[in-house]
Amino acid sequence: MRVDVVSIFPDYLSVLDLSLVGKARQRGLLDLRVHDLRDWTTDRHRTVDDTPFGGGAGMVMRPDVWGLAIDEVLDGAAGAHLIVPTPSGEVFTQRHAESLASADQLVFACGRYEGIDARVAEHYRDAGVTVHELSIGDYVLNGGEVASLVMIEAVARLIPGMVGNPDSLVEESHGAAGLLEYPVYTKPPSWADLEIPEVLLSGHHAKIERWRRDRALERTAQRRPDMIAALPVASLDKHDLALLAELGWVPDPGDDGKLTRA
Ligand code: SAM
């Protein structure tokens, strides 16, 4: 996969040399290129922003500079996606990460100031590029660099060959089960007067599986009731339904195939 990141602070992206993403770059799994937006400016001051039409505080990034940068960086591949991080975007989830992991090219346009002139996203959409305006959460950062790092890491770890043991991706939070992951433990078995749950030492595979699923259901009900409400009842077995009833969730009598609070 090719990933291009355009920013006025390219050094901000230097962490992409580290850890799994850095190794994937070295191994050629990821062709990751970071660009300085100012390389596409045409004036002496290398200006990338201007005052907002209609007035108001702050500065807006100029579409002409962004257009030159994106035109050059897009490699013309049909599978190219332009990602514009913005707090006013759709919230980025594991589903986005999964779908972006099969793209040929991802181009991240990192905004600063009050963001990028809205015509940039509109223009590339009109030109047939798949454009995603995505937020990493309901808060405002100073720039799109950190948001791009978050999305690149979430996508890159799904590329085949990236994570040493692909099984570790299967049961994760926000995976196909629609649950948060169960609590995990390692050695020593006793630490700070805390013991690990006995069942995990039992070697009894089915009991361990059941215990983990119960903990995942409990944790999700406690921390993310929105995820419990989204679970299809058809994906739950009798034991799941009994536990969820104890936790205050029952199949919706309106029979929409989902759960509701008892
Ligand atoms: N005026 C904008 C608004 O209220 O929607 C906020 C602009 S913010 C100060 C500057 C840049 O930071 C944005 O263009 C975007 O690239 C990035 N950014 C800030 N918060 C973000 C978030 N939650 N998710 C993704 N990108 C974000």
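Residues numbered from 1 in each chain as written. Predicted model: local features only at pLDDT ≥ 70, side-chain atom pairs only at ≥ 80, totals over all residues. Heavy atoms only, no water.

Asker: Even after reading the chapter, I still don't get the pattern of salt bridges, so can you show me in this structure?
Answerer: Enumeration according to the criterion identifies 17 salt bridges in this entry. Here Arg25 and Asp17 are joined by a salt bridge, their closest N and O atoms 3.0 Å apart. The class of Arg25 is partly exposed, set by a relative accessible area of 25%. Judged by its relative accessible area of 49%, Asp17 falls in the partly exposed class. Its salt-bridge partner being Asp240, residue Arg213 comes within 3.0 Å of it at the nearest N-O pair. A residue pair is termed long-range when its members are at least 10 positions apart, and Arg213 in helix α6 (residues 205–223) and Asp240 in helix α8 (residues 238–246) qualify at 27 residues. Exposure remark for Asp240: the relative accessible area of 1% places this residue in the buried category. Several salt bridges share partner residues, and in doing so they unite Arg210, Arg213, Asp214, Asp237 and Asp240 into one network. (Salt bridge = Lys/Arg side-chain N within 4 Å of Asp/Glu carboxyl O. Buried < 20%, exposed > 50% of the residue type's maximum accessible area, 1.4 Å probe, protein only. Helix = DSSP H or I, 4+ residues; strand = E, 2+ residues; numbered from the N terminus.)

Asker: What's the story with the environment of His204 in this structure? I'm lost.
Answerer: Mapping His204 onto the fold places it in the loop between β9 (194–195) and α6. Within the local environment of His204, its side chain forms a polar contact with the backbone nitrogen of Lys207, the two atoms lying 3.2 Å apart. (Polar contact = N/O pair within 3.5 Å; in protein donor to acceptor, adjacent residues only side chain to side chain.)

Asker: Which parts of the structure should I look at to understand the site of the ligand?
Answerer: Among the 18 residues in the neighbourhood of the ligand, the closest are listed as Pro85, Glu114, Ile136, Tyr139 and Leu141. Residue Ile136 places a main-chain N or O atom 3.0 Å away from a nitrogen atom belonging to the ligand. Protein contacts shield 83% of the accessible area of the ligand, which totals 580 Å² for the unbound molecule. Comparing atom positions with the cavity grids shows the ligand to sit within the largest pocket. (Near = heavy atom within 4 Å. Areas by Shrake-Rupley, 256 points an atom, 1.4 Å probe, with all protein chains shown as cover. 1 Å grid on protein atoms, 1.4 Å probe; cavity = no way out; pocket = protein on both sides within 12 Å on 5 of 7 lines; lining within 4 Å. Sits in = over half its atoms within 2 Å of the grid points.)

Asker: Where do I start with the layout of surface pockets in this structure?
Answerer: Which parts of space are left empty comes out when a probe the size of a water molecule is rolled across the atoms. Reported here for the largest pocket is a volume of approximately 500 Å³. Taken together, 28 residues line the largest pocket, and the ones lying closest to its centre are Pro85, Thr86, Pro87, Glu114 and Gly115. For the lining of the largest pocket, the secondary-structure elements that each account for two or more residues are β5 (80–91), α4 (119–126), β7 (130–135) and α5 (144–156). Of the residues belonging to the lining of the largest pocket, the class tally is 15 nonpolar, 9 polar and 4 charged. (Points joined across faces, edges and corners; volume = space filled by probe spheres on them. Nonpolar A, V, L, I, M, F, W, Y, C, P; charged D, E, K, R; others polar.)

Asker: Please clarify how the pairing of strand β6 (residues 105–109) should be interpreted in this entry.
Answerer: Along any regular strand the residues' side chains alternate between the sheet's two faces. In terms of residue burial, β6 counts as a mostly covered element, since 5 of its 5 residues are buried. Side chains of β6 alternate between two faces, with Gln105, Val107 and Ala109 and Leu106 and Phe108 buried alike. Here strand β1 (residues 2–7) runs beside β6; their pairing, made up of 5 bridges, is parallel. For Asp4, the partnering residue across the bridge sits in β6 and is Val107. Sheet topology note: the β5/β6 ladder contains 4 bridges and is parallel. Within β6, the residue paired with His81 across the bridge is Leu106. Between β5 and its parallel partner β6, the chain crosses via helix α3 (residues 94–100), and the hand of that crossover is right-handed. (Pairing = 2+ DSSP bridges. Right-handed = clockwise from strand over helix to strand, strands pointing away.)

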